[in-house]
Amino acid sequence: MSPIAIDGSSPASNKTKDGQALEELSDAINEVNVFKADMAKEKGLYDDSEFDKDKDKTKFRQYETACDRVKNFYKEQHTKQTVAYNLKARNNFYSKTRAEMTVWEAIEKLNTLIDESDPDTSLSQIEHLLQSAEAIRRDGKPRWMQLIGLIHDLGKLLYFFDAQGQWDVVGDTFPVGCAFDGRIIYGSESFKDNEDYGHEIYGTKFGIYSPGCGLDNVMLSWGHDEYLYHVVKDQSTLPAEALAMIRYHSFYPWHSAGAYHELMNDHDKGMLKAVKAFNPYDLYSKSDGIPSAEELKPYYLELIDEFFPNKVVKW
Ligand SMILES: O[C@H]1[C@H](O)[C@@H](O)[C@H](O)[C@@H](O)[C@H]1O
Ligand SMILES: [Fe+2]
Ligand SMILES: [Fe+2]
């Protein structure tokens with residue numbers, strides 16, 4: 001580009017060349033401005049969610065009137081999620097890589113799973129994931145959060161690897177190693193056949209934990225949240241809030257019923273806010289229309305690439 005005088009004028013002989021350069025410069029400035037305007041449209045994580053304004057929230061998570069499939073599921077889960085089982089499941093997790101595939105391949109693989117614990121949807125998982133992601137996107141929330149909508153239930157892949165059934169894959173989560181709180185679905189009575197129920201240590205309020213020890217030190221019942229959290233934390237560039245949304249999204253007794261708060265440290269308080277911001281998109285999008293995976297695929301493939309530097313993920 002030719003020199004431009006301090007007052008913006010240029011020597012007459014170079015007029016055309018400089019004129020063209022100025023035009024290019026002003027195009028570039030315009031582009032930056034359009035980009036800035038787009039960024040400004042992106043809302044903050046904690047801005048109001050619009051999409052669930054008209055939803056009748058009393059229609060969701062009605063466990064007392066749920067069908068036997070759901071009730072039987074929780075009876076089995078509450079009986080079998082013990083400290084011993086949880087230690088074994090974690091050991092097993094660290095001992096091997098189960099599969100190598102891209103995030104989109106994982107989403108497609110999940111397509112055949114119908115979640116027995118869920119009273120609110122009988123759609124396939126790919127549909128549920130796209131409903132959540134699209135609700136977050138429509139509300140103009142951050143791109144990383146849209147991606148969490150898309151992947152938060154991918155841990156259900158466990159079902160196709162070494163799960164013992166659905167009881168160690170889906171459903172709400174709760175800590176093991178301390179007393180089961182009455183705010184867990186179906187209450188603490190639901191655990192009376194669990195070998196840790198009434199245990200001399202695991203059956204006490206804090207059990208193997210201490211007040212304020214922080215949820216990073218708490219063993220949450222093994223399932224899709226814990227599994228995916230471990231997979232994603234080392235293989236993506238997603239922020240701490242995103243990882244918390246994955247790890248705690250099924251921890252309803254904590255994020256929605258207010259149980260186990262005495263185990264939290266200061267960091268967890270921030271994470272609780274993030275998980276609460278995510279929850280409506282997971283739960284209330286279940287009554288939205290069914291999205292078309294084929295149409296949405298290009299958009300989400302790009303989004304996945306943004307946060308997963310290695311295309312192929314170790315599962
Ligand atoms: O039934 C549902 C379903 O399994 C979800 O994926 C899980 O996050 C919920 O907590 C649970 O209640
Ligand atoms: Fe989930
Ligand atoms: Fe979900």
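Residues numbered from 1 in each chain as written. Chains lettered and ligands numbered in written order. Predicted model: local features only at pLDDT ≥ 70, side-chain atom pairs only at ≥ 80, totals over all residues. Heavy atoms only, no water.

Under the annotation held in an unreviewed UniProt entry, the protein chain carries the name Inositol oxygenase and is attributed to Monascus purpureus. Under the UniProt heading Pathway (unreviewed entry), the note attached to the protein chain is "Polyol metabolism; myo-inositol degradation into D-glucuronate; D-glucuronate from myo-inositol: step 1/1." The UniProt entry for the protein chain carries this comment under Catalytic activity (unreviewed entry): "myo-inositol + O2 = D-glucuronate + H2O + H(+)". (UniProt positions renumbered as here; feature names shortened; annotations may be inferred.)

Attention now goes to the UniProt feature "binding site: Fe cation" (unreviewed entry) in the protein chain. Here, the residues flagged by UniProt with the feature "binding site: Fe cation" (unreviewed entry) are His 128, His 152, Asp 153, His 224, His 249 and Asp 282. Within the secondary structure, His 224 is located in helix H7 (residues 224-233). Residues within four places of His 224 in sequence aside, it is in contact with His 152, Asp 153, Gly 155, Lys 156, Leu 158, Val 169, Val 170, Gly 171, His 249 and Ser 250. A polar contact is formed between the side chain of His 224 and the side chain of Asp 153, at a distance of 2.9 Å. Note on Asp 282: relative accessible area 5%, which makes it buried. Look past the residues within four positions of Asp 282 in its chain and what remains in contact with it is His 128, Ser 132, His 152, Asp 153 and His 249. Here His 152 takes part through its side chain, which lies 3.1 Å from a polar atom of the side chain of Asp 282. (Helix = DSSP H or I, 4+ residues; strand = E, 2+ residues; numbered from the N terminus. Contact = heavy atoms within 4.5 Å. Polar contact = N/O pair within 3.5 Å; in protein donor to acceptor, adjacent residues only side chain to side chain. Buried < 20%, exposed > 50% of the residue type's maximum accessible area, 1.4 Å probe, protein only.)

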